[in-house]
Amino acid sequence: MSTQDQDAVAIRRIHLQRVKHGLIHQLTDDVVAIEEPLQISLQWFDSESGHSKQREWSMTMRTPGQDKDLVKGLLLTQQVISSLQDVESITYFDEDKRHAGNHLLVILKDHIQPDWQLLERSYISQSSCGICGVTSMRSLCLRRPVNVDQQPGWLSVDSILSMPEQLKDGQGLFAKTGAMHGAGYWVDHQLVCVAEDVGRHNAVDKLLGQIFSSSLWRPQGVLVLSGRVSFELMQKAMIAGIAVIVSVGAPSSLAVDMAKQFDMTLVGFIKGDRFNIYNGHWRLQLPSST
């Protein structure tokens, strides 16, 4: 999607009043980030009945644009599918044309049988919330084997310090609105893709959809985040096989616990030439302590 097309669906111009020294200083206009609901329905072949079935799976508040990438990332991180090859198609649902752009239908391949007791996704999750039915790290462990790259000493300090600025340069919507979270994927000294959304979890899901749709995933890739690191974002990175998370902000206690449990590298609080390593320092190229 071009920058112009992205702007057309993601931002809206509004009128406002600027106040200075307690007085209305001027009447002007500005742009704000659009936030709208996205309903996601699943269709699958039910092996017991021998017929196709359809059911609403989730509704989330998001910034329009990259909707199919968002759904792909969500399907992967919620473990509905194990790869994008499990999806037959993702199309806009045309049941009500007034809202067709806010409803996507995912048709799964015949061999995929959703376990609705595990999914339990039939509720509205706000854009600021993303735990998505997984209530503990233990339950997450049991859902799928976890493997992340274990190569030591491949990530330089200079590369880490450059990541926030690279991400900022790729956040065109944030520059216009100031209301977008950003997520980027860093490989071989550069960000290969960036996603933005009013929801930090949606931004990561959009990014993961891009990564796996375009075969960009590498064992030694880095998830770069514009804000704080929550358990849910660590969860998404781990399921995607991303071993290193670098963030401008700080992690939560559960995020740190998860980094330790799954042997991931977690870096945060980057400021100037400083940052914190909460776990996994051995993946970095660091001088030996004296």
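Keep in mind it's a predicted model, so treat the numbers as computed, not measured.

## Focus: the pairing of strand 10 (residues 190–197)
Reasoning step 1: Examined bridge by bridge, strand 9 (residues 181–187) and strand 10 share 7 bridges and lie antiparallel to one another. Considered in strand 10, the bridge of A183 is made with A195.
Reasoning step 2: Counted between consecutive antiparallel strands, the loop separating strand 9 from strand 10 contains 2 residues, among which D188 sits at a positive phi close to 55°.

## Quick notes on helix 8 (residues 231–239)
Reasoning step 1: Within helix 8, 9 of the 9 residues are buried, which leaves the element mostly enclosed by the surrounding structure.
Reasoning step 2: The complete set of buried residues in helix 8 reads F231, E232, L233, M234, Q235, K236, A237, M238 and I239.
Reasoning step 3: One or two steps after helix 8, the chain reaches G241, where phi turns positive at roughly 75°.

## Here we look at a nonpolar patch on the surface
Reasoning step 1: The grouping of V19, I24 and L27 at the surface amounts to a nonpolar patch, some 340 Å² of accessible area in total.
Reasoning step 2: Tracing the backbone shows L27 in strand 2 (residues 23–33).

## Structural notes on the nonpolar core
Reasoning step 1: If you look at the biggest cluster of nonpolar residues, it comprises 29 residues, and the most contacted ones within it are L207, L223, L225, M234, I245, M264 and L266.
Reasoning step 2: When residues of this core are traced back to their parent elements, those giving at least two are strand 9, strand 10, helix 7 (200–213), strand 11 (222–225), helix 8 and helix 9 (253–261).
Reasoning step 3: Element by element, the count of residues in this core is highest for helix 8, at 6 residues.
Reasoning step 4: Those residues in contact with L207 that lie beyond four places of it in its chain are A183, G184, Y185, C193, V194, A195 and L223.
Reasoning step 5: L70, L104, I112 and L119 belong to the second largest nonpolar core, which has 20 residues in total.

## Description of the packing of aromatic side chains
Reasoning step 1: Taken as a whole, this structure holds 1 aromatic pair when the rule is applied.
Reasoning step 2: The side chain of R55 reaches across the aromatic face of W116, ending 4.1 Å from its centre.

## Details of empty space enclosed by the protein
Reasoning step 1: Within this structure, the stated rule accounts for 3 cavities of 30 Å³ or more.
Reasoning step 2: In this model, the second largest cavity occupies a volume close to 50 Å³.
Reasoning step 3: Lining the second largest cavity, in full, are H181, G182, R200, A203, V204, L225, S226, G227, R228 and L233.
Reasoning step 4: Those elements that place two or more of their residues in the lining of the second largest cavity are strand 9 and helix 7.
Reasoning step 5: Among the elements that take part in the lining of the second largest cavity, helix 7 stands out by supplying 3 residues, more than any other.

So, how was this worked out
Residues numbered from 1 in each chain as written. Predicted model: local features only at pLDDT ≥ 70, side-chain atom pairs only at ≥ 80, totals over all residues. Heavy atoms only, no water. Pairing = 2+ DSSP bridges. Helix = DSSP H or I, 4+ residues; strand = E, 2+ residues; numbered from the N terminus. Buried < 20%, exposed > 50% of the residue type's maximum accessible area, 1.4 Å probe, protein only. Patch = residues over 30% accessible without salt bridge, like charges linked within 9 Å, V, L, I, M, F, W, Y side chains within 5 Å. Areas by Shrake-Rupley, 256 points an atom, 1.4 Å probe, with all protein chains shown as cover. Salt bridge = Lys/Arg side-chain N within 4 Å of Asp/Glu carboxyl O. Core = buried A, V, L, I, M, F, W, Y, C linked by side-chain atoms within 4.5 Å. Contact = heavy atoms within 4.5 Å. Phe/Tyr/Trp six-rings, centres within 6.5 Å; stacked < 30°, edge-to-face > 60°. Lys NZ or Arg CZ within 6 Å of the ring centre and 35° of its normal. 1 Å grid on protein atoms, 1.4 Å probe; cavity = no way out; pocket = protein on both sides within 12 Å on 5 of 7 lines; lining within 4 Å. Points joined across faces, edges and corners; volume = space filled by probe spheres on them.

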